[in-house]
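# A structural walkthrough
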Amino acid sequence: MKKQWSFLKKRKKKIFIDVYTDWCGWCKKMDKDTFNKGEIAAYLNENYYPVKLNAEQEEDIIFKGNTFKFVASGRKGYHQLAAALLQNKLSFPSFVILNEDFEIINITPGYQQPAPFHKIITYYYGEYYASQDKSKQFEEEYKSPF
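What you see as residue numbers is a count from 1 along each chain, following the sequence as written. Local features in this predicted model are restricted to residues whose pLDDT is 70 or higher, and side-chain atom pairs enter the listing and the counts only when it is 80 or higher, whereas totals over whole chains, interfaces and linings include all residues. Values reported for side chains reflect all heavy atoms of the structure, with hydrogen atoms and water molecules removed beforehand.

So, on to the sheet that holds strand E2 (residues 14–20). One bridge is not enough; two strands pair if DSSP finds at least two bridges between them. Helix and strand assignments follow DSSP, with helices taken as H or I runs no shorter than four residues and strands as E runs no shorter than two, numbered in order from the N terminus. Within the open sheet, the 4 strands sit side by side as E3-E2-E8-E9. Their pairing is mixed. The open sheet is flanked by strand E3 (48–54) and strand E9 (104–109), the only strands paired with a single partner. The average angle at which neighbouring strand axes cross in this sheet is 15 degrees, direction not considered. Judged from the 7 bridges that link them, E2 and E3 form a sheet pairing that is parallel. Each bridged residue has a counterpart across the sheet, and for phenylalanine 16 the counterpart in E3 is proline 50. Simply put, an axis is a line fit to the C-alpha atoms, just over the touching stretch for a helix, and the angle between two N-to-C directions goes from 0 to 180 degrees.

As C-alpha cells, this is what we get:
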C-alpha cells in the first residue's frame, strides 16, 4: 500500500518529522519524556504537521511526486525517504523540519529533553533562523514553559 501525504496540501504549515525505529531505546524515551508533555504536543499540533516516520517501514511512500521504497540492507534495511530526509546520516531519533514548500530547514539528531526541544521547535516555527538579527532577538526574548 502506498501512503499519500495529501493532508499537507489542505493548510500550509511547516512539517515536523520524527524519524525513528522500533528498536531505538532513545526514540522510546523521547516519546515518553518529551512528546508526551502537554506543552510539546500542543505546540507541535498547533504549529506543525507532526509526522512519525519509521525509518525501517516497508510500505512505499509517495512524497513530492516521488515514490520512496524500503531497501533491504544489513540485518533489516532502511526506507529511502528516511535516508533522503536525513541526508543519508541515519541516526535515531532524528527530527526533520520542512518549510511549507517541503524544503528541509533543520535536521536535529539525537534525544532531546522537553526544554531544549521546545526551544528548537519554537525557533524554527517563528523563522528566527532567517537572519542573524532575528536569531539574536529570539535568544533575548524566548521564554521556556519548562
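Looking along a regular strand, one sees side chains alternate from face to face of the sheet. Two strands pair when backbone bridges link them, and strand E8 (residues 94–98) and E9 are joined in this way by 5 bridges, in the antiparallel orientation. Bridge pairing in E9 places isoleucine 97 opposite asparagine 106. Remark: 5 residues form the turn of the hairpin made by E8 and E9, two consecutive strands paired antiparallel; phenylalanine 102 in that turn has positive phi of roughly 65 degrees.

Here we take up the pattern of salt bridges. Any carboxyl oxygen of Asp or Glu that lies within 4 Å of a side-chain nitrogen of Lys or Arg is treated as forming a salt bridge with it. Summed over all chains, the structure comprises 9 salt bridges. Among the salt bridges present, the one from glutamate 100 reaches lysine 14, with a minimum N-O distance of 3.2 Å. Separated by 86 residues along the polypeptide, glutamate 100 in the loop between E8 and E9 and lysine 14 in strand E2 bring together distant segments of the chain. Take lysine 14: its relative accessible area is 2%, and that puts it in the buried class. Ionic contacts of the salt-bridge type, sharing partners, join the residues Lys14, Glu100 and Glu127 into one network. Burial classes: relative accessible area under 20% of the type maximum marks a residue as buried, over 50% as exposed, and values in between as partly exposed (1.4 Å probe, protein chains only).

The contact between helix H2 (residues 38–47) and helix H4 (residues 114–125) brings their axes to 11 Å, and the two run at 15 degrees. Viewed along their axes, H2 and H4 adopt a mutual orientation that is roughly parallel. Taken as a pair, H2 and H4 cross one another with a handedness that is left-handed. Counting all contacts with H2, which are made through Ile40, Tyr43, Leu44 and Asn47, the residues of H4 involved are Pro114, Phe117, His118, Ile121, Thr122 and Tyr125. In the contact of H2 with H4, the residues fall into 7 nonpolar, 3 polar and no charged. Comment on the angle field: the value is read as roughly parallel under 35 degrees, roughly antiparallel over 145, roughly perpendicular from 65 to 115, and oblique elsewhere. Each crossing gets its hand from how the near helix is turned against the far one by less than a right angle, where anticlockwise is left-handed and clockwise is right-handed. We call two residues contacting when some pair of their heavy atoms lies within 4.5 Å. Any residue that is not Ala, Val, Leu, Ile, Met, Phe, Trp, Tyr, Cys, Pro, Asp, Glu, Lys or Arg is counted as polar, Gly included; the first ten are nonpolar and the last four charged.

Mapped onto the secondary structure, leucine 81 falls in helix H3 (residues 80–85). Residue leucine 81 is classed as buried on the basis of its relative accessible area of 1%. In the structure, leucine 81 is positioned 14 residues away from threonine 67 in sequence and 8.6 Å away in space, judged by C-alpha atoms.

Take the side chain of threonine 21 next. Relative to the helices and strands, threonine 21 is located in the loop between E2 and helix H1 (25–35). Judged by relative accessible area, which is 2%, threonine 21 ranks as buried. Within the structure, threonine 21 has its side chain in polar contact with the backbone nitrogen of cysteine 24 (distance 3.4 Å). Here threonine 21 is in contact with Cys27, Asn54, Ala55, Glu56 and Phe92, once residues within four sequence places are set aside. In protein, a polar contact means a hydrogen-donor-capable atom and an acceptor-capable atom, both N or O and within 3.5 Å, with residues adjacent in sequence counting only if both atoms are side-chain atoms; elsewhere, any N or O pair within 3.5 Å suffices.

Note on disulfides: each one is a pair of cysteine sulfur atoms within 2.5 Å. Following the criterion strictly, the structure yields 1 disulfide and no others. Disulfide pairing is shown between cysteine 24 and cysteine 27; the S-S distance is 2.4 Å. Its S-S torsion of approximately 85 degrees makes the covalent link between cysteine 24 and cysteine 27 right-handed. We note that cysteine 24, like cysteine 27, is buried.

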